[in-house]
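Descriptive structure summary
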Amino acid sequence: MTSSSSGDLMNERKRKRMVSNRESARRSRMRKQKHLYDMMSQVEQLKEENIKIITSINLATQNYATVEAENTVLRVQMMELNQRLHSLNDILSYINNNGTIFEDHNYPETFVNNPWNFMYQNQPIMASAHMLYHY
């Protein structure tokens, strides 16, 4: 009877250990499943964040290109205006140093006295942002 009761006790321990192992394996699978779910959620969140960052970079790059084109136009316009100013200053300097520049010609007095009518009369500034775009 002792061997039978010790055998029953061993079987009971095996059964409890088997049940405990099964429960432990079930909890382990659940932890792995939760970890996988958490990681997949994080991947989706990072993908969305990545899309937002890429969109923001693209917008900033587009704005930079627009500003750069506008700056180039403004630089060209500034150079044109500086050239005009230089020419007008040369005219004024010549007039102030030599009296008049039209001694041998018969030009109307209003034309001679208005330097804006001389050289670059009503010349538009030709640079525009559309000139800088490459398609």
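Cut-offs and rules
Residues numbered from 1 in each chain as written. Predicted model: local features only at pLDDT ≥ 70, side-chain atom pairs only at ≥ 80, totals over all residues. Heavy atoms only, no water. Helix = DSSP H or I, 4+ residues; strand = E, 2+ residues; numbered from the N terminus. Buried < 20%, exposed > 50% of the residue type's maximum accessible area, 1.4 Å probe, protein only. Contact = heavy atoms within 4.5 Å. Salt bridge = Lys/Arg side-chain N within 4 Å of Asp/Glu carboxyl O. Polar contact = N/O pair within 3.5 Å; in protein donor to acceptor, adjacent residues only side chain to side chain.

When helices and strands are tallied, the chain shows 2 helices and 0 strands. Across the 135 residues in the chain, those meeting the buried criterion constitute 7%. In the chain, 68% of the contacts between residues at least 6 apart in sequence involve partners at least 24 apart.

Before going further, it helps to spend a moment on the pattern of salt bridges. Pairing between side chains becomes possible if they bear opposite charge and their charged atoms approach one another. Tallied over the entire structure, the rule returns 5 salt bridges. Measuring nitrogen to oxygen at the nearest pair gives 2.3 Å for the salt bridge that ties Glu-23 to Arg-26. With Glu-23 and Arg-26 both in helix 1 (residues 2-98) and 3 residues apart, this pair spans about one turn of that helix. The class for Glu-23 is partly exposed, based on a relative accessible area of 29%. Between Glu-44 and Lys-47 there is a salt bridge, with the nearest N and O atoms lying 4.0 Å from each other. Residue Glu-44 and its partner Lys-47 are both found in helix 1; the two are separated by 3 residues, about one turn of the helix. Assessed through its relative accessible area of 43%, Glu-44 is described here as partly exposed.

Once that is clear, we can look at the environment of Thr-55. Here Thr-55 shows up in helix 1. Polar side-chain contacts of Thr-55 include one of 2.8 Å to the backbone oxygen of Ile-51.

None of this, on its own, says anything about what the molecule does.
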